[in-house]
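Descriptive structure summary
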Amino acid sequence: MSSSPSEPPEAAADPADAVPVVAPQLRSLRRRAALTLEAAARAAGLSPAHLSRLETGQRQPSLPMLLALARIYGTTVSELLGETAVDRDAVVRAADMEPTRAGGWTYWQAGAPGRGMQALRVHIPHGSQGDIVRVHPGEEWLHVQRGRLRLRLGDTVHLLGPGDSAHFDSLTPHRLAAQDPEGVELLFVHTLLQSPTATLCLGPTPGETS
């Protein structure tokens, strides 16, 4: 049985660490990321009650707390503080897409950070499927470019080939796997913004290979 996250101390206890009130931005960015209060609080290691007090201005977040929330919401501390953001480039060049590898999977960021959606190119090799079924807030859209994808949605298994797409609510238990030895290449868009190196909702876990 897990215990509730401990309440962090008041950030204003040390004037040197105080930050401007960011309540309106915190709530707005959480909603933009399609996260419930409970889901965001859990990801940040806070209790829902504490995050609610931050969003209503009853408490001010510490800098480490701001860094954690910015990562979870897919934005920057500057945006959390309400500072004017630099205009984002609408175009992402292929040469600027750096691969990120995790558990055998390879990801390329195909969209700008800090948006309401995260766009990725994904390569899933055969044999690196996970046996953990994912369930989280948001929506997902994927398009198979090459190879065949085995997509489990709830109790139903779908086999998708090149040109096929799927669009589903992420609260539906789901799992992705490459059907063929050559793996599968996807275009993937989701509304749950998370760290591209640690907590992508796609994140594979070695296990089932059948």
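The text that follows walks through the structure, step by step, so that each part is easy to find. (Residues numbered from 1 in each chain as written. Predicted model: local features only at pLDDT ≥ 70, side-chain atom pairs only at ≥ 80, totals over all residues. Heavy atoms only, no water.)

Under the defined criterion, the tally for this structure stands at 1 aromatic pair. Directly above the aromatic system of Trp108 lies the positively charged group of Arg121, at a separation of 4.5 Å from the ring centroid. (Phe/Tyr/Trp six-rings, centres within 6.5 Å; stacked < 30°, edge-to-face > 60°. Lys NZ or Arg CZ within 6 Å of the ring centre and 35° of its normal.)

This part is about the pattern of salt bridges. With the rule as written, the count across this model stands at 4 salt bridges. A salt bridge links Arg146 to Glu185; its shortest N-O distance comes to 3.3 Å. Pair noted here: Arg146 is in strand 4 (residues 139-146) and Glu185 is in strand 9 (residues 184-190), with a separation of 39 residues, a long-range link. Given the relative accessible area of 56%, Arg146 is considered exposed. Glu185 gets classed as buried once you look at its relative accessible area, which sits at 16%. Its salt-bridge partner being Arg148, residue Asp180 comes within 2.7 Å of it at the nearest N-O pair. Of this pair, Asp180 sits in the loop between strand 8 (174-178) and strand 9 while Arg148 sits in the loop between strand 4 and strand 5 (149-153); the two residues are 32 residues apart in sequence, bridging distant segments of the chain. Overall, the relative accessible area of 14% leaves Asp180 in the buried class. Linked through salt bridges whose partners overlap, the residues forming this network are Arg27, Arg30 and Glu55. (Salt bridge = Lys/Arg side-chain N within 4 Å of Asp/Glu carboxyl O. Helix = DSSP H or I, 4+ residues; strand = E, 2+ residues; numbered from the N terminus. Buried < 20%, exposed > 50% of the residue type's maximum accessible area, 1.4 Å probe, protein only.)

Here the focus is a nonpolar patch on the surface. Among the surface-exposed residues, Val133, Val135 and Leu171 lie close enough to one another that they form a single nonpolar patch of about 250 Å² accessible area. For Leu171, the position within the fold is in the loop between strand 7 (165-169) and strand 8. Owing to a relative accessible area of 51%, Leu171 belongs among the exposed residues under this scheme. (Patch = residues over 30% accessible without salt bridge, like charges linked within 9 Å, V, L, I, M, F, W, Y side chains within 5 Å. Areas by Shrake-Rupley, 256 points an atom, 1.4 Å probe, with all protein chains shown as cover.)

The next subject is the sheet that holds strand 9. Strand order in this open sheet of 6 strands is 1-2-3-9-4-7, and the pairing throughout is antiparallel. Edge strands, defined here as strands with exactly one partner in the open sheet, are strand 1 (99-102) and strand 7. Looking at each pair of strands side by side, their axes are set apart by 25° on average, direction ignored. Pairing analysis gives 6 bridges linking strand 4 to strand 9, with the strands arranged antiparallel. (Pairing = 2+ DSSP bridges. Axes fitted to C-alpha atoms, helices over the stretch in contact; angles between N-to-C directions.)

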